[in-house]
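The chain contents come next:
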Amino acid sequence: MVGSTLYPTYNRANLEFERGNGVWLETTDGRRFLDCGSGIAVNSLGHGHPALVEALKTQAEKLWHVSNVYTIPGQDTFSRKLTEATFADRVFFTNSGAEALECAIKTARRYFYSKGEPERIDIITFEGAFHGRTLATIAAGGQAKYLEGFGPKAPGFVQVPFGDREALLAAISDTTAGLLIEPIQGEGGVRSVPTETLRDLRKICDDNGILLLLDEVQTGVGRTGKLFAHEWAGITPDIMAIAKGIGGGFPVGACLATEEVASGMQPGTHGTTYGGNPLAMAVGNAVLDVVLADGFLEGVRDKGLLLTQKLSGVIDRHPEIFEDLRGKGLLLGLKCRVPNGALLERFRAEGVLAIGAGDNVLRILPPLTITAEEIEEAVVRIEKAAIAMEAELKQGAAE
Ligand code: PLP
């Protein structure tokens, strides 16, 4: 076999998918997998959703790209829908989550700059965070494994332990611009920020005249059963980064902000060649229409409860394999007692795809369109994988 010419940045599984339909993925050699990973929380409406295929095809036949020097009608429609459904008044479209975060960070700094407080540049983040792989977002995430070897960490990011209120208060200074947090840490191991803590963070920001920035790249667009996860806490941020699920598989991200906070971002302060291009807007609009349709989010909440209940049963029956279940809606994490990578292999052997996360967790994030029957099927397969793992442990102990 000819060696790969790709950067060796990924330890890729030897699985080649050729087509997908709903929650099912099929490999080039004809094996079928129940996709409980959704391309890491991206395929919010599953694979090949007719409304998305139609939206992309129709737009592809009309126009692909013109650049942001022109008016792009799809951006106006889409941003209006997003602002009507959220706290935000202004939207900047990007191609990815990290770019949405870059825009969020720039928006926060520029807000204070335009108010005559240019020294307020620091963003406080939380241990275990993941905000992307650009130089600024690895500094925001603060994880040594992603920073190592890439030169000096970008300045302006201060990190405090997850859930440590005293450390947070001590970190706020007259150079602080805001706090940046994921309502549920995804990569960090599906660690939820309690709703009362989110409310407290909002209050801390208000009391200190700083901004609350939310990273809803993974938690947003219905994943937790609300359009955005912060809605569970009844609070609103000043700035929010979204991506992943909003494109359903097409690269789309966005930074949302209030009118006041976005007011620093004047012409020429920020830009993107591709962000908000007509193809991306056609798909994003179609995703949002489906997610905002009557009953859709309620359905996600019901399915989240069903999956939680079924997986909790599996955990109870296999305490040597699983420790607990975390998360909300269809963003769930199985905390494992065995190495999560080994268990992921067992899942795959049973035809189920999941996604690893920090803290020895396996993420279960099926498309929001999964049916109750498919949930049953997924849980049966997950239990089979747990049984296979138990047998392996017993055999290992006997040897
Ligand atoms: N923020 C969160 C919470 C994420 O989960 C991710 C990606 O996994 C990102 C930001 C970065 O998004 P992207 O990979 O699209 O740049």
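Residues numbered from 1 in each chain as written. Predicted model: local features only at pLDDT ≥ 70, side-chain atom pairs only at ≥ 80, totals over all residues. Heavy atoms only, no water.

## A few points about the side chain of Thr83
Definition in use: Helix and strand assignments follow DSSP, with helices taken as H or I runs no shorter than four residues and strands as E runs no shorter than two, numbered in order from the N terminus. Exposure classes here rest on a 1.4 Å probe applied to the protein chains alone. A residue is buried below 20% of its type maximum, exposed above 50%, and partly exposed in between. Nitrogen and oxygen atoms within 3.5 Å of one another constitute a polar contact, given that in protein one can donate a hydrogen and the other can accept it, and given that sequence-neighbouring residues count only through two side-chain atoms. Contact between two residues is taken to exist if any of their heavy atoms lie within 4.5 Å; hydrogens are not considered.
In this structure, Thr83 sits in helix H3 (residues 73-85). Owing to a relative accessible area of 17%, Thr83 belongs among the buried residues under this scheme. In terms of polar contacts, Thr83 uses its side chain to reach the backbone carbonyl oxygen of Arg80, at 3.0 Å. Setting aside its immediate chain neighbours within four residues, Thr83 contacts Ala88, Asp89, Arg90 and Val91.

## Structural notes on helix H2 (residues 50-62)
Note the following rule: A helix is expected to reach a length of 1.5 Å times the quantity of its residues less one. Directions from the helix axis toward the C-beta atoms define the arc.
With 13 residues, H2 should cover 18 Å at 1.5 Å per step; its first-to-last C-alpha distance of 19 Å lies within 8% of that length. For H2, the set of buried residues is Leu52, Ala55 and Gln59. On an axial view of H2, the arc spanned by its buried residues comes to 65°, and they lie on one face. Set apart from the buried face of H2 by more than 90 degrees, the exposed residues are Pro50, Lys57 and Glu61. Buried positions along H2 lie against helix H10 (278-292).

## A closer look at the packing of aromatic side chains
Going by this rule: Ring pairs shown here join Phe, Tyr and Trp side chains whose ring centres sit within 6.5 Å, with only the six-membered ring taken for Trp; geometry is labelled stacked below 30 degrees between planes, edge-to-face above 60, and tilted in between. The rule for a charge over a ring is simple: NZ of Lys or CZ of Arg within 6 Å of the ring centre, and within 35 degrees of the ring normal.
Tallying each qualifying case throughout the model produces four aromatic pairs. On the numbers, 5.0 Å between centres and 10° between planes, the contact of Phe78 with Phe93 is stacked. Of this pair, Phe78 sits in helix H3 while Phe93 sits in strand S4 (residues 90-94); the two residues are 15 residues apart in sequence, bridging distant segments of the chain. Phe93 sits in the buried class, given a relative accessible area of 6%. With 5.5 Å between their ring centres and 70° between their planes, Phe130 and Tyr146 make a pair best called edge-to-face. Placement of Phe130 in the loop between strand S5 (122-126) and helix H5 (135-141) and of Tyr146 in helix H6 (residues 144-147) is noted, with a sequence separation of 16 residues between them. Of the residues examined, Phe130 reaches a relative accessible area of 19% and is grouped as buried. Its relative accessible area of 18% is what places Tyr146 among the buried residues. Sitting over the face of the ring of Phe112, Arg120 holds its NZ or CZ atom 5.7 Å from the ring centroid. Sitting over the ring of Trp232, Lys226 keeps its end group 4.9 Å from the ring centre.

## Thoughts on the site of the ligand
We apply this condition: Near residues are defined by distance, with any heavy atom within 4 Å of the molecule or strand qualifying the residue. Here the accessible surface of atoms and residues is derived via Shrake-Rupley with a 1.4 Å probe, and residues count as covered only by protein chains that are part of the display. Lys, Arg, Asp and Glu make up the charged group, whereas Ala, Val, Leu, Ile, Met, Phe, Trp, Tyr, Cys and Pro make up the nonpolar group; the residues left over, Gly among them, are polar.
Close contacts around the ligand come from Ser96, Gly97, Ala98, Phe130, His131, Gly132, Glu182, Glu187, Asp215, Val217, Gln218 and Lys244, and that covers them all. Here Lys244 contributes a side-chain N or O atom positioned 3.1 Å from an oxygen atom of the ligand. Burial of the ligand by the protein chains amounts to 81% of its free accessible area of 390 Å². Considering only residue class, the shell around the ligand consists of three nonpolar, five polar and four charged.

## Re the packing of H3 against H10
Heads up, the condition is: Fitting a line to C-alpha atoms yields each axis, with helices limited to the stretch in contact; the angle taken between N-to-C directions then spans 0 to 180 degrees. Should an angle fall under 35 degrees it is taken as roughly parallel, and over 145 as roughly antiparallel, whereas 65 to 115 is taken as roughly perpendicular and any remaining angle as oblique. Note on convention: the crossing is left-handed when the near helix lies turned anticlockwise from the far helix by less than a right angle, right-handed when the turn is clockwise.
Axis separation between H3 and H10 bottoms out at 9 Å; the angle between their running directions is 30°. Here H10 runs roughly parallel to H3, going by the angle between their axes. The handedness of the crossing between H3 and H10 comes out as left-handed. Listed contacts from H10 to Gly74, Gln75, Thr77, Phe78, Lys81, Leu82 and Ala85 of H3 are Met281, Gly284, Asn285, Leu288, Asp289 and Leu292. A breakdown of the residues in the contact of H3 with H10 according to their chemical character gives six nonpolar, five polar and two charged.

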